[in-house]
Amino acid sequence: MKLKIFWLSFLLLSGCGGGGDISYNTPIRVFVSGLDAGKELSLQLNDDEILAVSANGSSTFTKPVPVGSSYKVAVHEQPPGFQWCDVVNEAGITDVTTPDINVNCRAALGQVTTYAGKYKQSFLSPDDVLLKDATFQRPYYPVYDKEGNLYFIELNARVIRKISKDGKLTTFAGTPNAPARSVEGGVNTGSFKRPNIMVLGPDGLLYVADDKIVVTVDPDGNIKRYAGDYNSSQSPNPYDPSGKTFTRYRDGPKDSAFFYQLTGLAFDSQGNLFLSDNINYVIRRIDKLSGDVTTAAGIVGLRERVNPKNGAATSATFGDIFALTIDAKDNIYVLDTFNGIRKITPE
């Protein structure tokens, strides 16, 4: 009983100004376990303070919570990669000794859901339809921008659709089911001939391989030719003695360059655009500054499905080039259908 009376007196004295150094706030502490090295998650306290955690162990929010007040800790942002964290004892009423809050991280268990669309091909949904009710004409090649908007090609309709970060579906570029030809212009005035590959450029534009040319699409959906000649001519393939195959090939200024079958686009760290040009069996490069097109790897017209040559890029050979990508060190990885994955290193 004396202990209880003493404690009450202590509280009363503190409340009246005695013991001015005494605080009635409780620090909120979390214990994190299972977080992979080099990863970071963020936690949020009462929809207010954000705490970044980059290591396992104890971490404490900067702002304490008054005794007798409610608290709630939630994951604000999960760690990158395939990992997931759950909060235990995440909510309650603070006391002088608030229970420790545990955050347990583990390998994420993948969950598959249908984000947009339903089974019904050959029908183009109108804009603004609910995503669950949308139907698409062969959706292909999705690309996200830094704002969280999703873009994808509808191959049969020859348009680019957009799903905004708030879930709104629109036709972003092109004219649905217009005649198959490349025409500069905005939505419902411009058109594509055969869009099949696209990549988001460092300038925020979409770069689209449209048959034998490359076009850009700006944030307003305007299509503009970037590289390649609409009227590219073909020449007999010098490596085919039968004379039955041809090349469409010309390096030089990008507006007059000839491409044949573009199957991949990728930017390096300097903003140069690399293109896999199948049937010509080469990798092309568009210089960011000059705009000139050059052949970066391969021999024009020479297709070697068996035992292709490695070595210097300009004397190496490819079989069928399906796609390419570039890593942070500007190494180029080429999917060579019959010969595996080929690697082109910078000079």
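To start, this report covers the structure provided alongside it. Within each chain, residues carry numbers counting from 1 in the order of the written sequence. A pLDDT threshold of at least 70 governs which residues receive local features in this predicted model, and a stricter bar of 80 or more applies before side-chain atom pairs are shown or counted, although totals over entire chains, interfaces and linings include all residues. The side-chain quantities take in all heavy atoms of the structure and omit both hydrogens and water.

### Observations regarding the overall build of the protein chain
- Tallying secondary structure elements over the protein chain gives 1 helix and 28 strands in all.
- Projecting the C-alpha coordinates of the protein chain onto the three principal axes gives extents of approximately 110 × 50 × 35 Å.
- A 1.4 Å probe rolled over the protein chains alone gives each residue an accessible area, and that area as a share of the maximum for its type sets the label: buried under 20%, exposed over 50%, partly exposed in between. In the protein chain, buried positions account for 43% of the 347 residues.
- Residue contacts follow a heavy-atom distance rule, with two residues in contact if any of their heavy atoms lie within 4.5 Å. Here the contacts in the protein chain between residues at least 6 apart in sequence split such that 41% fall between residues at least 24 apart.
- For the protein chain, the accessible area works out to roughly 19,200 Å², and carbon and sulfur atoms hold 54% of it. Under the DSSP-based scheme used, a helix requires at least four consecutive residues in state H or I and a strand at least two consecutive residues in state E, with every element numbered from the N terminus. Each accessible area is a Shrake-Rupley result for a 1.4 Å probe, and residues are judged covered by the shown protein chains and nothing else.

### Thoughts on the pattern of salt bridges
- Definition used for salt bridges: Asp or Glu carboxyl oxygen within 4 Å of a side-chain nitrogen of Lys or Arg. If you walk through the whole model with that rule in mind, you get 20 salt bridges.
- For Arg29, the salt bridge goes to Asp100, with nearest N and O atoms at 3.2 Å. Residue Arg29 is located in strand β2 (residues 29-33), and its partner Asp100 is located in the loop between β9 (91-93) and β10 (101-107); the two are separated by 71 residues in the primary sequence.
- Classification of Asp100 by relative accessible area gives partly exposed; the value is 33%.
- What emerges from the salt-bridge pattern is a single network uniting Lys193, Arg194, Asp211 and Lys212.

### Considerations on the sheet that holds strand β27 (residues 332-336)
- A pair of strands is treated as paired once DSSP finds two or more bridges between them. In spatial order, the strands read β26-β27-β28; together these 3 strands make up an open sheet with antiparallel pairing. In this open sheet, the two edge strands, each paired with only one partner strand, are β26 (321-326) and β28 (340-344). Taken over all neighbouring pairs, the strand axes of this sheet differ in orientation by 25° on average, direction set aside.
- In this sheet, β27 lies alongside β26 in antiparallel orientation, the contact comprising 5 bridges. Across the sheet, Ile326 pairs through a bridge with Ile332, a residue of β27. Working convention: axes come from line fits to C-alpha atoms, limited for helices to the stretch in contact. Angles between N-to-C directions cover 0 to 180 degrees.

### Considerations on the sheet that holds strand β18 (residues 223-227)
- Spatially, the 4 strands line up as an open sheet ordered β15-β16-β17-β18, and their pairing is antiparallel. Sheet topology places β15 (195-200) and β18 at the edges, where each strand pairs with a single neighbour. Ignoring strand direction, the axes of neighbouring strands in this sheet form an average angle of 30°.
- Where strand β16 (residues 206-210) lies against strand β17 (residues 213-217), 5 bridges are found, and the strand directions are antiparallel. Its bridge partner lying in β17, Ala209 is registered against Val214.

### A word on the pairing of strand β23 (residues 273-278)
- Most of β23 sits out of view: 6 of its 6 residues are buried.
- Alternating residues of β23 divide into Leu273, Leu275 and Asp277 and Phe274, Ser276 and Asn278, and every residue in both groups is buried.
- Inspection of the sheet shows strand β22 (residues 261-267) paired to β23 by 6 bridges, in the antiparallel sense. Bridge pairing in β23 places Phe267 opposite Leu273.
- With antiparallel pairing between neighbouring strands as the criterion, β22 and β23 make up a hairpin whose turn holds 5 residues, including Gly271 at a positive phi of roughly 90°.
- Alignment of β23 against strand β24 (residues 282-286), held across 5 bridges, turns out to be antiparallel. Note on β24: the bridge partner recorded for Leu273 is Ile286.

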